[in-house]
Amino acid sequence: MNYYQIGKIVNTHGIKGEVRVQAITDFPEKRFAPGATVYAFQKGKDPVALTVKSHRKHKQFDLLSFEGMEDINLVEPLKQADLKIAEDQQDDLADGEYYYHQIVGLNVVDLDGNSIGKIKEIMESGANDVWVIQRAGKKDLLIPAIKDVVKDVQIENQQVIIDMLDGLDD
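Residues numbered from 1 in each chain as written. Predicted model: local features only at pLDDT ≥ 70, side-chain atom pairs only at ≥ 80, totals over all residues. Heavy atoms only, no water.

**Some details on the pairing of strand β8 (residues 115–124)**
Reasoning step 1: Here strand β7 (residues 107–110) runs beside β8; their pairing, made up of three bridges, is antiparallel. Counted as the bridge partner of valine 109 is serine 115 from β8.
Reasoning step 2: Linking β7 back to β8 in an antiparallel pair, the connection comprises four residues, with glycine 113 at a positive phi of about 90°.
Reasoning step 3: Linking two consecutive strands that pair antiparallel, namely β8 and strand β9 (residues 129–134), is a turn of four residues; a positive phi of about 105° is found at glycine 126 within it. (Pairing = 2+ DSSP bridges. Helix = DSSP H or I, 4+ residues; strand = E, 2+ residues; numbered from the N terminus.)

Printed below as a string of structure tokens:
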């Protein structure tokens, strides 16, 4: 089964078993809703299924507690664990919307079909996402994921067609 990361437990919070999570999902209300199942992945260990008991926001973090883990001593070993969901927990997205794992790794070409590089990372910047394109022998290229630049995403062909507007590659 494939799993996709939705957050990382960065620390504990208080003594009642809450953890601080740095979320990397566009759907924290759904992913961390009470009753939802998430999987904690730690290096060298099997994934652990956890049922969310409570979720609230605190500063830039999502605070979670899990069923049966209402004590700091029980959640302390989960620090630095990656939180993931199973592939079958993903929702279908509207046309033109994609999960990060579908975009990262795609080849990028310009309108003339010239290869530019490969998307290696997606950064959230507030107004729009920024795609980091790894290029051979050059610095990484940062492009805004907006309609003026991203002309076509072809998941089936493993490529993205972009319009290299003036000033993008300085």
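Read on for the rest.
**Let's talk about the packing of aromatic side chains**
Reasoning step 1: For the structure on display, the rule yields two aromatic pairs.
Reasoning step 2: On the basis of an interplanar angle of 65° and a centroid distance of 5.2 Å, the ring pair of tyrosine 3 and tyrosine 39 is categorised as edge-to-face. One end of the pair, tyrosine 3, is in strand β1 (residues 3–13); the other, tyrosine 39, is in strand β3 (residues 37–41), and 36 residues separate them in sequence.
Reasoning step 3: On the basis of relative accessibility, which here comes to 27%, the residue tyrosine 3 falls in the partly exposed class.
Reasoning step 4: Their ring planes at 65° and their centres at 5.0 Å tell us that tyrosine 3 and phenylalanine 41 sit as a pair that is edge-to-face. With tyrosine 3 in strand β1 and phenylalanine 41 in strand β3, the pair connects residues that are 38 residues apart, well separated along the chain.
Reasoning step 5: By way of ring pairs, the aromatic residues Tyr3, Tyr39 and Phe41 are connected into one cluster.
Reasoning step 6: It is lysine 84 that lies over the ring of phenylalanine 41; its NZ or CZ is 4.6 Å from the centre. (Phe/Tyr/Trp six-rings, centres within 6.5 Å; stacked < 30°, edge-to-face > 60°. Buried < 20%, exposed > 50% of the residue type's maximum accessible area, 1.4 Å probe, protein only. Lys NZ or Arg CZ within 6 Å of the ring centre and 35° of its normal.)

**Considerations on the domain arrangement of the chain**
Reasoning step 1: Per the domain assignment, the segments making up the chain are domain 1 (3–90) and domain 2 (100–162).
Reasoning step 2: Centre-to-centre separation of domain 1 and domain 2, based on C-alpha positions: 30 Å. (Domains from an automatic or database assignment.)

**Observations concerning the layout of surface pockets**
Reasoning step 1: Roughly 890 Å³ of internal volume is contained in the largest pocket.
Reasoning step 2: Considering the residues around the largest pocket, the lining is formed by 29 residues, among which Asp26, Tyr98, Tyr99, Tyr100 and Asp129 are closest to the centre.
Reasoning step 3: Looking at the lining of the largest pocket, the elements that each hand over two or more residues are β1, α3 (100–103), β8, β9 and β11 (150–154).
Reasoning step 4: Tallying contributions element by element places β1 first for the lining of the largest pocket, with four residues. (1 Å grid on protein atoms, 1.4 Å probe; cavity = no way out; pocket = protein on both sides within 12 Å on 5 of 7 lines; lining within 4 Å. Points joined across faces, edges and corners; volume = space filled by probe spheres on them.)

**With respect to the pattern of salt bridges**
Reasoning step 1: Taken as a whole, this structure holds eight salt bridges when the rule is applied.
Reasoning step 2: Here aspartate 82 ties to lysine 8 by a salt bridge, and the two come within 3.2 Å at their closest N and O atoms. In this pair, aspartate 82 is assigned in strand β6 (residues 82–86) and lysine 8 in strand β1, connecting sequence segments 74 residues apart.
Reasoning step 3: For lysine 8, a relative accessible area of 27% corresponds to the partly exposed category.
Reasoning step 4: The salt bridge involving glutamate 18 is made with arginine 56; its shortest N-O contact spans 2.9 Å. Linking glutamate 18 in strand β2 (residues 18–23) with arginine 56 in strand β4 (residues 48–58), this pair joins segments that are 38 residues apart in sequence.
Reasoning step 5: Look at glutamate 18 and you get buried, because its relative accessible area is 13%.
Reasoning step 6: Judged by its relative accessible area of 40%, arginine 56 falls in the partly exposed class. (Salt bridge = Lys/Arg side-chain N within 4 Å of Asp/Glu carboxyl O.)

**Let's talk about the sheet that holds strand β5 (residues 61–66)**
Reasoning step 1: Taken in spatial order, the six strands of this closed barrel run β1-β2-β5-β4-β3-β6, and their pairing is antiparallel. Adjacent strand axes in the sheet meet at a mean angle of 50°, parallel and antiparallel pairs treated alike.
Reasoning step 2: Pairing of β4 with β5 involves six bridges; the strand directions are antiparallel. Counted as the bridge partner of valine 52 is phenylalanine 66 from β5. (Axes fitted to C-alpha atoms, helices over the stretch in contact; angles between N-to-C directions.)

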